[in-house]
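The primary structure of each chain is shown beneath.
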Protein chains: 2
Amino acid sequence: MSTTHIFNVEMTCEGCSGAVDRVLGRLKGQGVDSVSISLPEQKVSVTSTLSSDQLLEIIKKTGKKTTYVGSE
Amino acid sequence: MSTTHIFNVEMTCEGCSGAVDRVLGRLKGQGVDSVSISLPEQKVSVTSTLSSDQLLEIIKKTGKKTTYVGSE
């Protein structure tokens with residue numbers, strides 16, 4: 001059962017958002033169904049069977065400042 | 001015995017270089033002695049007891065495209 005989790009991620013350019021997209025994209029088929037990123041809104045939406053804590057750890061590995069906002 | 005390893009890392013803004021700096025900075029005292037980043041040169045220099053392969057894996061976790069250049 002997948003849930004869409006929303007994270008606030010500090011991203012300042014398309015290189016930043018591309019890096020986050022790449023890291024989450026590697027997990028497609030391994031718990032991540034889809035990823036949607038809004039650079040202007042500093043928002044990353046991940047539809048996944050992984051928990052919000054697991055996803056937060058993964059996003060933090062990029063070195064970006066990240067907080068969990070909630071699920072949809 | 002520490003070696004300075006040089007990596008080419010695709011970084012397009014200070015958010016990008018800050019993320020790489022943060023990830024490597026977490027390892028200070030755990031194998032990483034110092035980190036120096038040049039955004040205009042797309043260059044990351046890491047003085048470390050870790051191997052170049054270990055450092056490459058760590059930098060790749062940021063989602064940035066990275067290649068190993070060599071040691072100094």
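Residues numbered from 1 in each chain as written. Chains lettered and ligands numbered in written order. Predicted model: local features only at pLDDT ≥ 70, side-chain atom pairs only at ≥ 80, totals over all residues. Heavy atoms only, no water.

If you check an unreviewed UniProt entry, chain A appears there as Copper transport protein ATOX1 from Bicyclus anynana. Recorded under Sequence similarities (unreviewed entry), the UniProt text for chain A is reproduced unchanged: "Belongs to the ATX1 family." As recorded by UniProt, the Subunit (unreviewed entry) comment attached to chain A reads in full: "Homodimer. Interacts with ATP7B. Interacts with ATP7A. Interacts (via dimer form) with SLC31A1 (via C-terminal domain); this interaction improves ATOX1 stability and controls intracellular Cu(I) levels." (UniProt positions renumbered as here; feature names shortened; annotations may be inferred.)

Right, let's get into the sheet that holds strand β2 (residues 32-38) of chain B. Pairing between sheet strands relies on hydrogen bonds along the backbone, with the strands arranged either parallel or antiparallel. All names here are of chain B. Strand order in the open sheet made by the four strands is β2-β3-β1-β4, with antiparallel pairing throughout. Single-partner strands in this sheet number two, and they are β2 and β4 (66-71). Going across the sheet, the axis of each strand differs from the next one's by a mean of 20 degrees, ignoring polarity. Contacts from helix α1 (residues 14-25) reach β1 (3-9), β2 and β3 (43-48) within the one sheet, and its direction differs from that of β2 by about 175 degrees. Along the sheet face, helix α2 (residues 52-60) touches β1, β2, β3 and β4 and points at about 35 degrees away from the line of β1. (Pairing = 2+ DSSP bridges. Helix = DSSP H or I, 4+ residues; strand = E, 2+ residues; numbered from the N terminus. Axes fitted to C-alpha atoms, helices over the stretch in contact; angles between N-to-C directions. Contact = heavy atoms within 4.5 Å.)

It is worth spelling out the state of the cysteines at this point. The final tally for this structure, using the stated rule, is zero disulfides over all chains. You can see A:Cys13 has no disulfide; the closest cysteine sulfur is in B:Cys13, sitting 3.2 Å from it. For A:Cys13, a relative accessible area of 14% corresponds to the buried category. (Disulfide = S-S within 2.5 Å. Buried < 20%, exposed > 50% of the residue type's maximum accessible area, 1.4 Å probe, protein only.)

Right, let's get into α1(B). In this model, α1(B) (12 residues) spans 15 Å end to end at C-alpha, consistent with the 16 Å of a helix rising 1.5 Å per residue. Elements that come into contact with the buried residues of α1(B) comprise α1 (14-25) of chain A together with β1, β2, β3 and α2 of chain B. (Expected span 1.5 Å × (residues − 1).)

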